[in-house]
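Chains, contacts and geometry: an overview
Listed below are the residues making up each chain.
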Amino acid sequence: MTTLIITQVLNGLQFGLMLFLIATGLTLILGIMDFVNLAHGSLYMMGAYATATLVAKGMGFFPALLGGVLATFAVGVVIEVVVVRKLYRRDHLDHVLATFGIILAFNEVVRIIWGPVGLTFDPPEQFADSVDLLGFTYPAYRLLVIGMISLVGAGLWWLVTRTRIGMQIRAGATHPEIVSALGVNIRALKTTLFALGAALAAFSGALIGPLRSVQPGMGEEVLIQALVVIIVGGIGAIRGALVAGILLGLLDTLGRAFLPLMISRFANPEVAQAVGPALASMMIYLTMALVLVFKPAGLLPATGK
Amino acid sequence: MILSTCVLVPTVCFWFDAPHLVTLATRIAILSIAAISLNLLIGTCGLVSFGHGMYLAIGAYSVSILQTTGVDNGFAHFSAATVVAGIAAALIGPLALRTSGIAFIMVTLAFAQMFFYLMISLRVFGGDDGMSLAGHSLLGPLDLGNRLGLFEVSVLLLAAITALSQLFNRSTAGYALRAARQNVRRAESLGLDIHRLRRIVYVVSAVLTADAGSLFANLNSYVSPSYSAWPMSGDLILIVVLGGMGSVFGPIVGAIFLLSVESFAPGLSEHWMLPYGIAIVWIVMTARHGLLGALLALRPAGKERRQ
């Protein structure tokens, strides 16, 4: 039982960090550029497909991952320049509609190039097995995911709070005219930030690839979950996204694993089998509703705005 | 215009021997009802509900669940839909309306998703397989299983709701809510109880959507939890915004466009979603007030050319 609990906690942590990574790109673009990017899930999908293709071409996992992220970064630049740039001053609903159109187009492009059937690809060889962790085994690849996301998260925090470009991004969010009067190219800065969000989405998509199948529309479910994370965490807050991501990841994973067991204690197993998973799926939405009703700005709202 | 639609559309459809066009027209009418109800929130109040699929589902399940207990009286179905959706909205509304903007979008989504998972877990009502309707709603002598009858009822209801919604927008309450969309504090300082008005509009919008849901169940002869899931709610928003949320007729234009494309485009090309997606992006970038706005903008331009 203890082993099961530890395994599930690790799974929850890994899922939560994954949600965090997808949500950060979204929350940066929403919080700093005030743009609602529903196509974030499509960029996640692009990252997964690009990486899967490079792996299939015989590239190693890590070079393929880098290639996938860079390719999606480029796609992000193109989308920003062609569409998104012209919509910053518009209503949020216009953002939603336009990026919804992008989702449809991307899903179809993927279907045309790679076909409607999903792809799968293997984790890197040295991480393909399970490792022994103090008496129980756990897949090495999932540990790798936890480690890599922690690294990227720390790097992102450093980039936004400790570097010159991060300072420009934060200043540009609140006072774009002043920042551009000081000689910073705000347009280029926004393009970079949007593409950075795309790269983060692609990185998560590529990492999740070996765990789930890579298929058209894989971005949508994740998008909704990432939106829930940024709302619970507070819009624009990286720290909030981290806390909310881990909280919701643990709630969801542990709920799925243990709620059916708990319900079967006082109801017949058939009911528990039906009610348990549904209740577990409701957990993240229930949490969001409670947070919004009692703390509408989110758990750890971004400060300084 | 209503009468001509009621007579003309079916006549044309039978002329071309295409009964599926009646189904399409009925679909358009029913989803227009739901979209106009949703537009009371989006257009008038500036509140985007991403959870109206739930009310559609409540209306649909009211029909199918009553059918399994042997009640086939349509008035009972619609009353049940109205009462249940009204109670649900009266409970959810005050909670959701504590927020606005993106938070409101997400709270309404949360409730709809919870209802979706609730219906999936209830095996008695079909679980995730949904339920097939045992029969159709009987409105007195009129059987809503009859394609033509269902079409006429839907169009009449659509006309009634369009007229009511137009009247509402021109009423004091309509003006008050639109003023509050610009600035809530200023509107409230004029002595308007915006919060109460919004709660009422939320309930009315939910109830009307549920009635559309009851019609929808009769059209599809099938009810599924997916009515409450986010893609359905998203489609309703899409219909409103694409058509143009500034006008009562915008959602109808949106529904005609969206559902016609969805119904005819797959026959033209397997990959119709690609040009369709690009078209949506293009519409957003060029037409500021939705499709209806773009259509109306064509008119004065034409006049100028004649002069």
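Throughout what follows, the structure given in this document is the object of discussion.

Reading the values: rules and limits
Residues numbered from 1 in each chain as written. Chains lettered and ligands numbered in written order. Predicted model: local features only at pLDDT ≥ 70, side-chain atom pairs only at ≥ 80, totals over all residues. Heavy atoms only, no water. Helix = DSSP H or I, 4+ residues; strand = E, 2+ residues; numbered from the N terminus. Rg over C-alpha atoms; globule rule 2.2 N^0.38 Å. Buried < 20%, exposed > 50% of the residue type's maximum accessible area, 1.4 Å probe, protein only. Contact = heavy atoms within 4.5 Å. Areas by Shrake-Rupley, 256 points an atom, 1.4 Å probe, with all protein chains shown as cover. Salt bridge = Lys/Arg side-chain N within 4 Å of Asp/Glu carboxyl O. Expected span 1.5 Å × (residues − 1). Bend = angle between axes of the 7 residues up to and from the residue. Polar contact = N/O pair within 3.5 Å; in protein donor to acceptor, adjacent residues only side chain to side chain. Nonpolar A, V, L, I, M, F, W, Y, C, P; charged D, E, K, R; others polar. Phe/Tyr/Trp six-rings, centres within 6.5 Å; stacked < 30°, edge-to-face > 60°. Lys NZ or Arg CZ within 6 Å of the ring centre and 35° of its normal. Axes fitted to C-alpha atoms, helices over the stretch in contact; angles between N-to-C directions. Parallel < 35°, antiparallel > 145°, perpendicular 65-115°, else oblique. Left-handed = near helix turned anticlockwise from the far one by under 90°. Core = buried A, V, L, I, M, F, W, Y, C linked by side-chain atoms within 4.5 Å.

1. Examining the overall build of chain A
- Secondary structure summary: chain A contains 11 helices and two strands in total.
- Scanning chain A from its N terminus toward the C terminus, one meets helices and strands in the order α-α-α-α-β-β-α-α-α-α-α-α-α.
- A compact globule built from 305 residues would reach a C-alpha radius of gyration of about 19 Å, and chain A, at 20 Å, matches this within 12%.
- Dimensions of chain A along its principal axes, counting C-alpha atoms only, are 65 × 50 × 35 Å.
- Residues classed as buried in chain A amount to 54% of the 305 residues present.
- In chain A, the share of contacts with a sequence separation of at least 24, taken over all contacts with a separation of at least 6, comes to 78%.
- As displayed, chain A has an accessible area near 13,300 Å², and 67% of this comes from carbon and sulfur atoms.

2. Considerations on the pattern of salt bridges
Residues and elements named next belong to chain A.
- One pass over the structure, following the stated rule, counts four salt bridges over all chains.
- Between Glu80 and Arg85 there is a salt bridge, with the nearest N and O atoms lying 3.6 Å from each other.
- Judged by its relative accessible area of 24%, Arg85 falls in the partly exposed class.
- One salt bridge in this structure joins Glu108 and Arg111, with 2.9 Å as the shortest N-O distance. Of this pair, Glu108 and Arg111 both sit in helix H4 (residues 92-114), three residues apart, which is roughly one turn of that helix.
- Assessed through its relative accessible area of 2%, Glu108 is described here as buried.
- Judged by relative accessible area, which is 28%, Arg111 ranks as partly exposed.

3. Considerations on helix H2 (residues 19-45) of chain B
All names here are of chain B.
- In this model H2 runs 39 Å from its N-terminal to its C-terminal C-alpha over 27 residues, within 8% of the 39 Å that 1.5 Å per residue would give.
- The largest bend in H2 comes to about 40°, at Asn39.
- Counting buried positions along H2 yields 22 of 27 residues, so the element is predominantly enclosed.
- Phi turns positive, to about 70°, at Gly46, one or two residues after H2.

4. Looking at the interface of chain A and chain B
- Between chain A and chain B, the contact holds 40 residues from the first and 37 residues from the second.
- Scanning the region where chain A abuts chain B turns up zero salt bridges.
- Taken together, the links from chain A to chain B amount to five residue pairs in polar contact (both at pLDDT 80 or more).
- At the level of elements, H4, helix H9 (218-233) and helix H11 (269-294) of chain A are the ones that each hand at least two residues to the side of chain A that touches chain B.
- Examining the composition of the side of chain A that touches chain B, we find that 13 residues originate from one element, H4(A), more than from any other.
- Its residues assigned to classes, the side of chain A that touches chain B comprises 30 nonpolar, three polar and seven charged.

5. Brief notes about the packing of aromatic side chains
- Using the criterion set out here, one finds 13 aromatic pairs over all chains in the structure.
- In this structure an aromatic cluster arises from ring pairing among Phe61(A), Phe62(A), Phe121(A), Phe127(A) and Tyr141(A).
- The aromatic ring of Tyr88(A) is capped on one face by Lys190(A), whose charged end is 4.5 Å from the ring centroid.
- The positively charged end of Arg178(B) is found above the aromatic ring belonging to Tyr175(B), 5.0 Å away from the centroid.

6. A short note on the packing of helix H4 (residues 74-96) of chain B against helix H5 (residues 101-121) of chain B
All names here are of chain B.
- Where H4 meets H5, the closest approach of the two axes is 10 Å, and the angle between their N-to-C directions is 150°. Classified by the interaxial angle, the pair formed by H4 and H5 is roughly antiparallel. H4 and H5 meet at a crossing whose hand is right-handed. In contact with Ile92, Leu95 and Ala96 of H4, H5 contributes Phe104, Val107, Thr108 and Phe111.

7. Re unusual backbone geometry
- In the Ramachandran plot, Asp34(A) falls in the positive-phi region, its phi being about 55° despite a non-glycine side chain.
- What makes Asp34(A) partly exposed here is its relative accessible area of 43%.
- Unlike most non-glycine residues, Ser221(B) shows phi in positive territory, near 55°.
- Here Ser221(B) is to be found in the loop between helix H9 (194-220) and strand E4 (222-223).

8. A word on H9(B)
Residues and elements named next belong to chain B.
- Across its 27 residues, H9 extends 38 Å between first and last C-alpha, which sits within 8% of the 39 Å expected from 1.5 Å per residue.
- By the criterion of burial, H9 is predominantly enclosed, with 19 of the 27 residues buried.
- At the C-terminal side of H9, Ser221 shows a positive phi close to 55°.

9. With respect to the nonpolar core
- Counting residues in hydrophobic clusters, the biggest one holds 195 residues, and the most contacted among them are Tyr285(A), Met288(A), Tyr55(B) and Met106(B).
- If you tally residues by element for this core, the top one is H2(B), at 16 residues.
- Contact partners of Tyr285(A), with chain neighbours within four places excluded, come to Ile224(A), Val228(A), Leu109(B), Ala110(B), Gln113(B), Met114(B) and Tyr117(B).

10. Examining the environment of Val153(B)
Residues and elements named next belong to chain B.
- Checked against the element boundaries, Val153 lands in helix H6 (residues 147-169).
- In the structure, Val153 is positioned 124 residues away from Ala29 in sequence and 9.6 Å away in space, judged by C-alpha atoms.
- Discounting chain neighbours no more than four positions away, the residues touching Val153 are Leu139, Leu142, Leu144 and Leu215.

11. So, the side chain of Thr27(A)
- Checked against the element boundaries, Thr27(A) lands in helix H1 (residues 2-33).
- Setting aside chain neighbours within four positions, we find Thr27(A) in contact with Ile32(A), Ile230(A), Gly234(A), Ile235(A), Gly236(A) and Ala237(A).

12. A short note on the packing of helix H2 (residues 40-56) of chain A against H4(A)
Residue and element names in this part refer to chain A.
- Close contact between H2 and H4 brings their axes to 10 Å; oriented N to C, the two are set at 15°. If you check the angle between H2 and H4, you find them roughly parallel. Judged by the twist between their axes, the crossing of H2 over H4 is left-handed. Two secondary-structure elements touch here, H2 through Ser42, Met45, Met46, Tyr49 and Thr53 and H4 through Ile103, Phe106, Asn107, Val110 and Trp114.
- Taken together, the residues of the contact of H2 with H4 break down into seven nonpolar, three polar and no charged.

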